[in-house]
Amino acid sequence: KIAGLQFAPARPPSDLPPATKLSEGDLVGELKSFLDRLAKEDAFSGTVLLAKDDKVLFKDAYGEASKRFHVPNRIDTKFNLGSMNKMFTAVAIAQLAERGKLSFDDPVSKYLSTDWLAREDAEKVKIEHLLTHTSGLGSHFTDELMNASRTLYRDVNDYKPIISAQELAFEPGTDWGYSNAGFIVLGAIIESVTGQSYFDYVRENLHKPVGMINTDGYEMDRPVENLAIGYVKETGPDGKTEYRNNLYLHTIRGGPAGGGFSTVEDLFRFAQAIREDKIVSAQSRERMWSPKPASPDYGYGFGLADGDSGRWVGHGGGFPGINS
């Protein structure tokens, strides 16, 4: 979709043989061959886990966690998630709704003061609008943040001046616009409701109960064991490939909108836990995984799609040096 125009997907070549369904063994073989080829060409560095139901079919690690010291990635290496953290924030909100601490229909003004959002906006923006990117808020990666020291942005409240300076791009609920700022506000609501920091609440109520032992909003200026550094591939003046790390580009600590760290094994535990109703009820899960009028491809912190094998739910994440 470009400038309001939509285009049909490209048609496959007519001489392609009909697609055949692969066995699990063939699928794993194809995946391994593909990843080996990417790693050999230095086109992929990271970890991969493929599972069906409760069975892990394949997992492996490729490339280096630190190019400076040539430390190889391991299957339990912690990688920056980018926006995948939005799923954790949505689950935290759903837990609090189940416990009667808040409602998806509550306005922001019920929990946050006007130093977060102007009263008029805070009364119009509901928690559901924040979860579905229909609030009208934008991104917290503004010029103010990008030109400032990253050490100034460590806790949720540190983003208050950036969020409070924003004007809504549209009337809440009438349109869709991807909003990192909206999820920062959700983190502030979690703190207001629970009296805990966002990080403590998510750690105690989501990560620990399901055994996600390598997942957290780690601070990048502290020594965290087995944590990968993100790299951007560039072409140097001599035409050769060079790498630049992203330590001075990203925030010093991830949060409600993204930037935390996890492993493929921990993410598998998260997937199992949410499918098995261990961290939220089936009713809450289905509400998070259902499209809304203004966001047909997005639920509550989860992207949605229909494929040949059924419904797809999940979230990706991206930033220079990060692809999750």
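Residues numbered from 1 in each chain as written. Predicted model: local features only at pLDDT ≥ 70, side-chain atom pairs only at ≥ 80, totals over all residues. Heavy atoms only, no water.

## Things to note about the overall build of the protein chain
When its secondary structure is counted, the protein chain shows ten helices and twelve strands. For the protein chain, the spread of C-alpha atoms along the three principal axes comes to 55 × 45 × 45 Å. For the protein chain, the proportion of contacts with a sequence separation of at least 24, taken over those separated by at least 6, is 68%. A total of about 17300 Å² of accessible surface is found on the protein chain, and carbon and sulfur atoms cover 50% of it. The centroid of the 37 positive side-chain charges in the protein chain is displaced by 3 Å from the centroid of its 45 negative side-chain charges. (Helix = DSSP H or I, 4+ residues; strand = E, 2+ residues; numbered from the N terminus. Contact = heavy atoms within 4.5 Å. Areas by Shrake-Rupley, 256 points an atom, 1.4 Å probe, with all protein chains shown as cover. Lys, Arg positive; Asp, Glu negative; His and termini not counted. Charge placed at Lys NZ, Arg CZ, Asp CG, Glu CD.)

## Digging into the confidence of the model for the protein chain
Counting all residues, the mean pLDDT for the protein chain is 92, and 96% of those residues have values of 70 or more. Note that pLDDT drops below 50 for residues 1–7; the model gives that stretch two contacts with residues more than four away or on any other chain. (pLDDT = per-residue confidence, 0-100.)

## Re helix H8 (residues 198–207)
The buried fraction of H8 is high, at seven of ten residues. For H8, the secondary structure elements touched by its buried residues are helix H2 (85–98), helix H7 (180–194) and helix H9 (264–275). (Buried < 20%, exposed > 50% of the residue type's maximum accessible area, 1.4 Å probe, protein only.)

## Focus: unusual backbone geometry
Unlike most non-glycine residues, His133 shows phi in positive territory, near 60 degrees. Note on placement: His133 falls in the loop between helix H4 (127–131) and helix H5 (143–146). Its identity is not glycine, yet Asp277 carries a phi of approximately 60 degrees, on the positive side. By the secondary structure assignment, Asp277 is in the loop between H9 and helix H10 (282–288).

## Concerning empty space enclosed by the protein
For the coordinates displayed, the defined rule picks out one cavity of 30 Å³ or more. The computed volume of the largest cavity comes to approximately 90 Å³. In terms of lining, the largest cavity is formed by 13 residues, of which the most central are Asn85, Tyr198, His207, Asp216 and Gly217. Only H2 and H8 provide two or more residues apiece to the lining of the largest cavity. Among the elements that take part in the lining of the largest cavity, H8 stands out by supplying five residues, more than any other. Among the residues forming the lining of the largest cavity, the class breakdown is four nonpolar, seven polar and two charged. (1 Å grid on protein atoms, 1.4 Å probe; cavity = no way out; pocket = protein on both sides within 12 Å on 5 of 7 lines; lining within 4 Å. Points joined across faces, edges and corners; volume = space filled by probe spheres on them. Nonpolar A, V, L, I, M, F, W, Y, C, P; charged D, E, K, R; others polar.)

## Concerning the packing of H2 against H9
Look at H2 against H9: their axes get within 12 Å of each other, and the N-to-C directions meet at 35 degrees. For the pair H2 and H9, the crossing hand works out as left-handed. For the pair H2 and H9, the contacting residues are Met87, Phe88 and Val91 in the first and Leu267, Phe270 and Ile274 in the second. Split by residue class, the contact of H2 with H9 holds six nonpolar, no polar and no charged. (Axes fitted to C-alpha atoms, helices over the stretch in contact; angles between N-to-C directions. Left-handed = near helix turned anticlockwise from the far one by under 90°.)

## Quick word on the pairing of strand E1 (residues 46–52)
In the sheet, E1 pairs with strand E2 (residues 55–62) via seven bridges, with the strands oriented antiparallel. From the neighbouring strand, Ala51 faces E2, where its bridge partner is Val56. The hairpin turn running from E1 into E2, its antiparallel successor, is two residues long, and Asp53 in that turn takes a positive phi close to 55 degrees. (Pairing = 2+ DSSP bridges.)

## Overview of the pattern of salt bridges
Following the criterion strictly, the structure yields 23 salt bridges and no others. Between Asp36 and Lys32 there is a salt bridge, with its nearest N and O atoms 3.0 Å apart. In this pair, Asp36 and Lys32 are both assigned in helix H1 (residues 24–40), four residues apart and thus about one turn of the helix distant. Overall, Asp36 belongs to the partly exposed group, its relative accessible area being 33%. Of the residues examined, Lys32 reaches a relative accessible area of 38% and is grouped as partly exposed. A single salt-bridge network, built from bridges that share partners, covers Arg154, Glu219, Asp221 and Arg222. (Salt bridge = Lys/Arg side-chain N within 4 Å of Asp/Glu carboxyl O.)

## A short note on H9
Relative to the 16 Å expected for twelve residues at 1.5 Å per residue, H9 spans 17 Å between its end C-alpha atoms, a close match to the ideal helical length. H9 sits mainly inside the fold: nine of its twelve residues count as buried. Along H9, the residues classified as buried are Val264, Glu265, Asp266, Leu267, Phe268, Phe270, Gln272, Ala273 and Ile274. Taken together, the buried residues of H9 touch E1, E2, H2, H8, strand E8 (261–262) and H10. The first or second residue beyond H9 is Asp277, which carries a positive phi of 60 degrees. (Expected span 1.5 Å × (residues − 1).)

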